[in-house]
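Architecture at a glance
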Amino acid sequence: MTVYYRDDTVRVTSSWVQAYGLTYPLSDLSYVWHRRTRRDLRVGGRIAGRWALVTLLAAPVAVGALWLLTDWGSKVGLALVGLALVVGLVFTLTPLSEFPLMALERSYDRGSAVHEIWVQCDGADVLLLRTDDALRFGQIYRALQRALEQTE
């Protein structure tokens, strides 16, 4: 038996697929399809987090540009530019910048939609998997395709 995909909740092998404790023999599956659904609260939070990270990383540049475009007086403007430079240097020249940048990259890797894998098993439509992780969805769907190709 070949294992095409395995994690904590889903397993795809050459003879069956198991999701959330339920097992479906590949010979009983007559049709497999996927669907993107509307965003849920968790995906909306991820998008809001992206905006917050981008704002955090771009704030020093925005403050500097604002100071250059307005006439705030020398002491206030100089203090804001100094603060922006310090924050900018802390986030760009230290390893601290790695954490928000990695979080931003992971949020894009996971995607901004909810994906579902449906199967037709013994004539009934069954929701096999629902996830907002685009990478995981792609791995599971491709593993299921490979397993079904081997059974034909």
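Residues numbered from 1 in each chain as written. Predicted model: local features only at pLDDT ≥ 70, side-chain atom pairs only at ≥ 80, totals over all residues. Heavy atoms only, no water.

1. Examining the nonpolar core
In terms of nonpolar packing, the biggest core is built from 23 residues, with Val12, Val17, Ile117, Leu128 and Leu144 touching the most fellow members. Those elements that place two or more of their residues in this core are strand S1 (3-6), strand S2 (10-13), strand S3 (16-19), strand S5 (29-37), strand S6 (114-121), strand S7 (124-131) and helix H4 (134-151). (Core = buried A, V, L, I, M, F, W, Y, C linked by side-chain atoms within 4.5 Å. Buried < 20%, exposed > 50% of the residue type's maximum accessible area, 1.4 Å probe, protein only. Helix = DSSP H or I, 4+ residues; strand = E, 2+ residues; numbered from the N terminus.)

2. Details of the side chain of His115
For His115, the location among the structural elements is in strand S6. For His115, a relative accessible area of 11% gives the class buried. Other than its neighbours up to four places away in sequence, His115 contacts Arg35, Arg36, Leu129, Arg130, Thr131, Ala134 and Phe137. (Contact = heavy atoms within 4.5 Å.)

3. Quick notes on the pattern of salt bridges
Applying the stated criterion across every chain, the model contains 4 salt bridges. The salt bridge partner of Glu116 is Arg130, with a shortest N-O separation of 2.6 Å. Separated by 14 residues along the polypeptide, Glu116 in strand S6 and Arg130 in strand S7 bring together distant segments of the chain. On the accessibility criterion, Glu116 (4% relative accessible area) is buried. Its relative accessible area of 39% is what places Arg130 among the partly exposed residues. (Salt bridge = Lys/Arg side-chain N within 4 Å of Asp/Glu carboxyl O.)

4. A short note on the sheet that holds S3
Within a sheet, neighbouring strands are paired by backbone hydrogen bonds and run either parallel or antiparallel to one another. With respect to topology, 4 strands assemble into an open sheet ordered S1-S2-S3-S4, the strand pairing being antiparallel. In this open sheet, the two strands that pair with only one neighbour each are S1 and strand S4 (22-25). When the angles between neighbouring strand axes are averaged without regard to direction, this sheet yields 10°. Here S2 pairs with S3 via 3 bridges, running antiparallel. Within S3, the residue paired with Val10 across the bridge is Ala19. (Pairing = 2+ DSSP bridges. Axes fitted to C-alpha atoms, helices over the stretch in contact; angles between N-to-C directions.)

5. Quick look at unusual backbone geometry
The backbone phi angle of Tyr20 is positive, close to 55°, even though this residue is not glycine. A positive phi angle is found at Asp122, which is not glycine, with a value near 55°. Checked against the element boundaries, Asp122 lands in the loop between S6 and S7. With a relative accessible area of 62%, Asp122 lands in the exposed category.

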